[in-house]
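Secondary and tertiary structure notes
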Amino acid sequence: MELRRTKAMGGHGSLIDALASVSEAELLDAVVALARPRHMFRQRAENRRAAQHVAAALEERGYAVEIEGELGNVVATPRAPVDRPMILVGAHYDSVPDTPGADDNASGIAAMLACARAFSRFDPAPPVGFVAWNGEEDGLLGSVEFVARHRSQGGGPIAAVHVLEMVGYASHEPGSQRMPVPVPGAPDVGDFIGLLTNQRSNHLVELAVKQAEAMVPELPVVGLKVYLGLEEWLPVLHRSDHSPFWKAKIPAMLWTDTAEFRNPNYHRPTDTPETLDYGFMRRVTQLVLATVMRQVRTG
């Protein structure tokens, strides 16, 4: 495994207007709208409400949306016909039982919706789709079903999947960060966005690091690149919706604030909207947007 860390140093580019359009208020509103207990089985009505809310938000942004299967994955296809492998941006919308799940994972949904709005303004429309998975908290059920359905229905090729899993909590205090596996030189301050990739997707870390340096200079990035299939021996690296894509040999990168390794409210009733850092979340969203658009433009 290789740990890559950067503190971006500045720069500008053609995406500046799109990045500037992402607001803390937009992200806060999206988190507040979702942050109620919405477990797939324990809070069925709220879970269905969350799916409908995400679907409506994507439709308002001009996407064709379906709520697929019994699990209720919300799938928004690219706004124009796709003649090349598409890129997906996704996040899970369910929570653990009886917790509001603001960071886990209303934050990821909020960032995804902000990206969808920003991408809807590009002409021509980029080959980018959006997915909100259900059942992540119950064994990644939604993303497992999504991958199986995509294969069985002969879906088009996927260039990469960007999975947003808890992107709203930050701390500037020394000792606020731990790591899921021992990594020499790992930071102990929880002010960065973590990126996790495997052999097929390690190039995405390099792309994101370069975009951070050029476009989002205030956001520290720490990338953990896994080589030689070592993820098969480390179950802790398979805890989110990137895992079914890795197993299907589809490039996928996890974006995360590292969950319980930073956030003391993880899977607790205290995971509420006011505990999040919306400036941090805005910068993460901007980096997702910049990274995906650079990937679109470079193929």
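In this numbering scheme, every chain counts its residues from 1 along its sequence in written order. pLDDT decides what is reported in this predicted model: residues at 70 or higher carry local features, side-chain atom pairs at 80 or more are listed and counted, and totals for whole chains, interfaces and linings draw on all residues regardless. Hydrogens and water are ignored here; the side-chain numbers use all heavy atoms of the structure.

Side note on helix H6 (residues 202-215)
The end-to-end C-alpha distance of H6, which contains 14 residues, comes to 20 Å, matching closely the 20 Å that a straight helix rising 1.5 Å per residue would cover. Relative accessibility under 20% of the residue-type maximum defines a buried residue, over 50% an exposed one, and the middle range a partly exposed one, all with a 1.4 Å probe and only protein chains included. Working definition: helices are DSSP H or I runs of at least four residues, strands are E runs of at least two. Numbering for both runs from the N terminus. Three or more residues of H6 are buried, namely Asn 202, Leu 204, Val 205, Leu 207, Ala 208, Val 209, Gln 211, Ala 212 and Met 215. One fewer than the residue count of a helix, multiplied by 1.5 Å, yields its expected span.

Things to note about the packing of helix H4 (residues 102-119) against helix H8 (residues 278-298)
For the pair H4 and H8, the least separation of the axes is 10 Å and the interaxial angle reads 50°. Classed by the angle they form, the pair H4 and H8 counts as oblique. Handedness of the crossing formed by H4 with H8: right-handed. Taking contact as the criterion, the partners of Ser 107, Ala 110, Ala 111, Ala 114, Cys 115, Ala 118 and Phe 119 in H4 are, on H8, Met 281, Thr 285, Val 288, Leu 289, Val 292 and Met 293. Of the residues that constitute the contact of H4 with H8, the class distribution is eleven nonpolar, two polar and no charged. To get an axis, a line is fitted to the C-alpha atoms, and for a helix only the part in contact is used. The angle between two axes follows their N-to-C directions and goes from 0 to 180 degrees. Should an angle fall under 35 degrees it is called roughly parallel, over 145 degrees roughly antiparallel, and 65 to 115 degrees roughly perpendicular, with every other angle called oblique. Two helices crossing with the near one rotated counterclockwise from the far one by less than a right angle form a left-handed crossing, whereas a clockwise rotation gives a right-handed crossing. Residue contacts follow a heavy-atom distance rule, with two residues in contact if any of their heavy atoms lie within 4.5 Å. Any residue outside Ala, Val, Leu, Ile, Met, Phe, Trp, Tyr, Cys, Pro, Asp, Glu, Lys and Arg is labelled polar, Gly included; the first ten of those are nonpolar and the last four are charged.

A short note on helix H5 (residues 141-152)
Between the first and last C-alpha of H5 there are 16 Å, a value that for twelve residues agrees with the 16 Å anticipated at 1.5 Å per step. Within H5 the residues assigned to the buried category are Gly 142, Ser 143, Phe 146, Val 147 and His 150. Looking down the long axis of H5, one finds its buried residues gathered within 135° of arc, a one-sided arrangement. Exposed residues lying more than 90 degrees from the buried face of H5 are Arg 151 and Ser 152. Tucked inside the fold, the buried residues of H5 contact strand S2 (65-68), strand S3 (73-76), strand S4 (86-92), strand S5 (128-133), strand S6 (158-165) and helix H7 (243-247). Throughout, the arc means that of the directions going from the helix axis to the C-beta atoms.

A closer look at the confidence of the model for the protein
The pLDDT score gives, residue by residue, the confidence of the prediction method on a 0 to 100 scale. Taken over all residues, the pLDDT of the protein has a mean of 91, while the share at 70 or more is 93%. Confidence drops under a pLDDT of 50 for residues 7-13, and excluding neighbours within four residues, the segment shows 19 contacts in the predicted structure.

Comments concerning the packing of helix H3 (residues 44-60) against H4
For the pair H3 and H4, interaxial distance at closest approach is 9 Å and the crossing angle is 20°. Comparing their axes, H4 and H3 come out roughly parallel. Here H3 and H4 pass one another in a crossing that is right-handed. Residues Val 54, Ala 57 and Leu 58 of H3 lie in contact with H4, whose contacting residues are Ile 109, Met 112, Leu 113 and Ala 116. Of the residues that constitute the contact of H3 with H4, the class distribution is seven nonpolar, no polar and no charged.

Notes on the side chain of Ser 243
Turning to its location among the elements, Ser 243 is positioned in helix H7. A residue is classified by how much of its surface remains accessible, and Ser 243, at 1% relative accessible area, is buried. When sequence neighbours within four positions are dropped, the list of residues in contact with Ser 243 reads Leu 140 and His 238.

Considering the layout of surface pockets
Buriedness of a pocket was judged along seven lines, with at least five required to meet protein on both sides within 12 Å; pockets are open sets of points on a 1 Å grid over the protein atoms alone, cavities are sets where a 1.4 Å probe fits but cannot get out, and lining residues have an atom within 4 Å of a point. Grid points are joined across faces, edges and corners, and a volume is the space filled by probe spheres set on the points. Taken as a whole, the second largest pocket spans an internal volume of roughly 290 Å³. Going through the elements one at a time, S2, S3, S4 and H5 are the ones with two or more residues in the lining of the second largest pocket. Among the residues forming the lining of the second largest pocket, the class breakdown is eight nonpolar, five polar and three charged.

Re the nonpolar core
Note on terminology: a nonpolar core comprises buried Ala, Val, Leu, Ile, Met, Phe, Trp, Tyr and Cys residues joined through side-chain atoms within 4.5 Å. Among the nonpolar cores identified, the biggest contains 69 residues, and Leu 58, Met 112, Phe 119, Phe 130, Ile 193 and Trp 255 are the most heavily contacted of them. With residues up to four places along the chain from it excluded, the contact list for Met 112 reads Val 54, Leu 58, Val 89, Gly 90, Ala 91, Phe 130, Val 131, Ala 132 and Leu 164. Core analysis: the second largest hydrophobic core is formed by 22 residues, Val 75, Met 86, Leu 224 and Ala 252 among them.

Notes on unusual backbone geometry
With an omega dihedral of 5°, the bond running from Asp 104 to Asn 105 counts as a cis peptide bond. Inspection of the secondary structure assignment puts Asn 105 in helix H4. Following Asp 123, the chain continues to Pro 124 via a peptide bond in cis, the omega torsion being 5°. Looking at where Pro 124 falls in the secondary structure, it is placed in the loop between H4 and S5.

Brief notes about the pairing of strand S7 (residues 193-197)
Extensive coverage of S7 is indicated by the burial of five of its five residues. With burial as the criterion, each face of S7 is covered, one bearing Ile 193, Leu 195 and Thr 197 and the other bearing Gly 194 and Leu 196. At least two bridges found by DSSP between two strands is the condition for calling them paired. Examined bridge by bridge, S7 and strand S8 (residues 220-225) share five bridges and lie parallel to one another. Bridging across to S8, Leu 196 finds its partner in Leu 224. Read from S7 through H6 to S8, the crossover connection turns out right-handed. Pairing analysis gives three bridges linking S7 to strand S9 (residues 252-256), with the strands arranged antiparallel. Its bridge partner lying in S9, Gly 194 is registered against Thr 256. Orient the strands so they point away from the viewer; a crossover is then right-handed if the path from the first strand over the helix to the second runs clockwise.

Looking at the packing of aromatic side chains
Planes of paired rings set the category: under 30 degrees apart is stacked, over 60 is edge-to-face and the rest tilted, where pairs are Phe, Tyr or Trp rings (Trp by its six-membered ring) whose centres lie within 6.5 Å. For the structure shown, the criterion picks out six aromatic pairs. Residues Tyr 63 and Phe 130 carry aromatic rings whose centres are separated by 5.3 Å and whose planes lie at 75° to one another, so their mutual orientation is edge-to-face. Of this pair, Tyr 63 sits in the loop between H3 and S2 while Phe 130 sits in strand S5, placing them 67 residues apart in sequence. Exposure remark for Tyr 63: the relative accessible area of 6% places this residue in the buried category. Owing to a relative accessible area of 0%, Phe 130 belongs among the buried residues under this scheme. Here the aromatic cluster, defined as three or more aromatic residues joined through ring pairs, consists of Tyr 63, Phe 119, Phe 122 and Phe 130. Remark: a charge is flagged as sitting over a ring if the NZ atom of Lys or the CZ atom of Arg is within 6 Å of the ring centre and within 35 degrees of the ring normal. The residue whose ring lies beneath Arg 79 is Tyr 63, and the NZ or CZ to ring-centre distance is 6.0 Å. Residue placement shows Arg 262 over the ring face of Phe 192; its charged tip is 4.7 Å from the ring centre.

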